[in-house]
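The lines below spell out each chain.
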Amino acid sequence: ATVADAIGERFRELEDQYPGLRFVALMDQGDYIHMAMSAVVQSLLLGGALAILILFLFLRDIRPTFAVGISIPVSVLFALVLMYFSGVTMNVISMAGLAIGIGMLVDNSIVVIENIYRLRAEGMAPKEAAIQGAREVMGAITASTLTTICVFVPIIFVHGMTRQIFMDMILTITYSLMASLIVALTVIPAMAQGLLRRNVKPMSNLAKKLMGGFERTVRFTLRHRALALLLAIALLAGSGRVSPR
């Protein structure tokens with residue numbers, strides 16, 4: 001985008017310098033960069049707003065919500081730094097990868113802050129709650145992040161034009177996911193220790209109802225495992241039937 005803007009500026013200077021000279025841009029790829037950047041910013045703001053809203057509805061406390069909100073720009077900045085040092089430029093493909101990764105940046109932070117909040121609500125001290133809360137879910141969010149990254153790993157073994165096109169996207173997604181994991185296990189517990197020093201509120205009635213419904217669903221599934229398996233197979237077959245070919 002910077003190169004395209006500089007070329008356009010130079011064209012205008014030449015037109016002013018030589019009367020009668022006109023340049024007509026048939027295609028400007030800088031427009032696609034601007035669109036990708038706008039998509040990244042829009043996804044960032046929308047994802048952050050939805051995460052804040054959902055957390056606030058469940059916890060009814062602005063403090064953990066603020067911690068998750070801070071984790072989004074920190075993770076993005078972390079990913080951009082890794083992109084810079086690995087030679088990944090700001091182009092359409094890399095920005096598309098960052099836009100995809102932004103949607104998953106808050107997942108790990110939400111899991112960690114919710115667990116810390118739960119321990120604080122049970123009466124645990126702030127420091128112990130931050131350490132124990134992050135430790136309890138560390139394995140789960142690490143495995144979840146790594147399995148998501150592994151989905152994109154096979155592109156590394158592809159050769160030719162396909163690898164050149166999609167490599168920046170894969171690296172950007174990987175960087176953003178790894179950044180979210182690191183932030184969730186370091187920044188979030190550190191912020192939670194300071195923000196959750198005062199007594200925290202118990203879960204809202206909405207959260208309690210959802211948790212109760214989830215518990216009943218899990219108990220029903222465990223009692224009827226064969227039915228749950230058949231339902232999963234039916235959903236898989238049905239999705240295959242309606243998917244476009």
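Note that the structure is a prediction, hence the values are computed from the model and not measured. (Residues numbered from 1 in each chain as written. Predicted model: local features only at pLDDT ≥ 70, side-chain atom pairs only at ≥ 80, totals over all residues. Heavy atoms only, no water.)

Trainee: Honestly, the overall build of the protein in this entry has me stumped. Any pointers?
Mentor: Looking only at helices and strands, one finds nine helices and zero strands in the protein. Each helix and strand of the protein, ordered N terminal to C terminal, gives the series α-α-α-α-α-α-α-α-α. Compactness check: the protein gives a C-alpha radius of gyration of 24 Å against a globular reference of 18 Å for 245 residues, more than 25% above the reference. With respect to the three principal axes, the spread of C-alpha positions in the protein is 80 × 50 × 30 Å. (Helix = DSSP H or I, 4+ residues; strand = E, 2+ residues; numbered from the N terminus. Rg over C-alpha atoms; globule rule 2.2 N^0.38 Å.)

Trainee: Is there a simple way to explain the packing of helix 3 (residues 62-85) against helix 5 (residues 105-121) in this structure?
Mentor: Relative placement of two packed helices is described by the angle separating their axes and the distance separating the axes. Between helix 3 and helix 5, the least distance of the axes is 9 Å, while the angle of their chain directions is 150 degrees. Between helix 3 and helix 5, the angle is such that the two are roughly antiparallel. When you trace helix 3 past helix 5, the crossing you get is right-handed. On helix 5, the residues touching P64, A67, V68, S71, I72, S75 and V76 of helix 3 are L105, V106, S109, I110, I113 and Y117. Each residue belonging to the contact of helix 3 with helix 5 can be placed in one class, and the counts come to ten nonpolar, three polar and no charged. (Axes fitted to C-alpha atoms, helices over the stretch in contact; angles between N-to-C directions. Parallel < 35°, antiparallel > 145°, perpendicular 65-115°, else oblique. Left-handed = near helix turned anticlockwise from the far one by under 90°. Contact = heavy atoms within 4.5 Å. Nonpolar A, V, L, I, M, F, W, Y, C, P; charged D, E, K, R; others polar.)

Trainee: What is the right way to read the side chain of T172 from this model?
Mentor: Among the structural elements, T172 can be located in helix 7 (residues 161-195). Each residue touching T172, except ones within four places of it in the same chain, is listed here: M83, V88, S94, G97 and L98.

Trainee: Whenever I open this one, the packing of helix 3 against helix 7 confuses me. Can you help?
Mentor: Where helix 3 meets helix 7, the axes come as close as 8 Å, and the angle between the chain directions of the two elements is 145 degrees. At the point where helix 3 passes helix 7, the crossing takes the right-handed sense. Every residue of helix 7 that contacts helix 3 at R63, F66, A67, V68, I70, S71, V74, S75, F78, A79, L82 and M83 is listed here: T172, Y175, S176, A179, S180, I182, V183, I188, M191 and L195. When its residues are assigned to classes, the contact of helix 3 with helix 7 shows 16 nonpolar, five polar and one charged.

Trainee: Explain a nonpolar patch on the surface to me, please; I cannot follow it from the model alone.
Mentor: Together, V3, I7, F11, Y18, L21 and F23 make up an exposed nonpolar region whose accessible area comes to about 520 Å². Within the secondary structure, V3 is located in helix 1 (residues 2-17). The exposed category is assigned to V3, whose relative accessible area is 59%. (Patch = residues over 30% accessible without salt bridge, like charges linked within 9 Å, V, L, I, M, F, W, Y side chains within 5 Å. Areas by Shrake-Rupley, 256 points an atom, 1.4 Å probe, with all protein chains shown as cover. Salt bridge = Lys/Arg side-chain N within 4 Å of Asp/Glu carboxyl O. Buried < 20%, exposed > 50% of the residue type's maximum accessible area, 1.4 Å probe, protein only.)

Trainee: What am I meant to see in the packing of aromatic side chains here?
Mentor: In this description, an aromatic ring pair is defined by two values, namely the gap between the centres and the angle between the planes. Following the criterion strictly, the structure yields two aromatic pairs and no others. Plain terms: the ring middles of F11 and F23 are 4.2 Å apart, the flat faces sit at 10 degrees to each other, and that makes the pair stacked. Of the two residues, F11 is situated in helix 1 and F23 in the loop between helix 1 and helix 2 (30-59); the sequence distance between them amounts to twelve residues. Judged by its relative accessible area of 33%, F11 is partly exposed. Relative to F85, the ring of Y84 has its centre 5.2 Å away and its plane inclined at 80 degrees; by these criteria the two rings are edge-to-face. The exposure classification of Y84 matches that of F85, with both residues exposed. (Phe/Tyr/Trp six-rings, centres within 6.5 Å; stacked < 30°, edge-to-face > 60°.)

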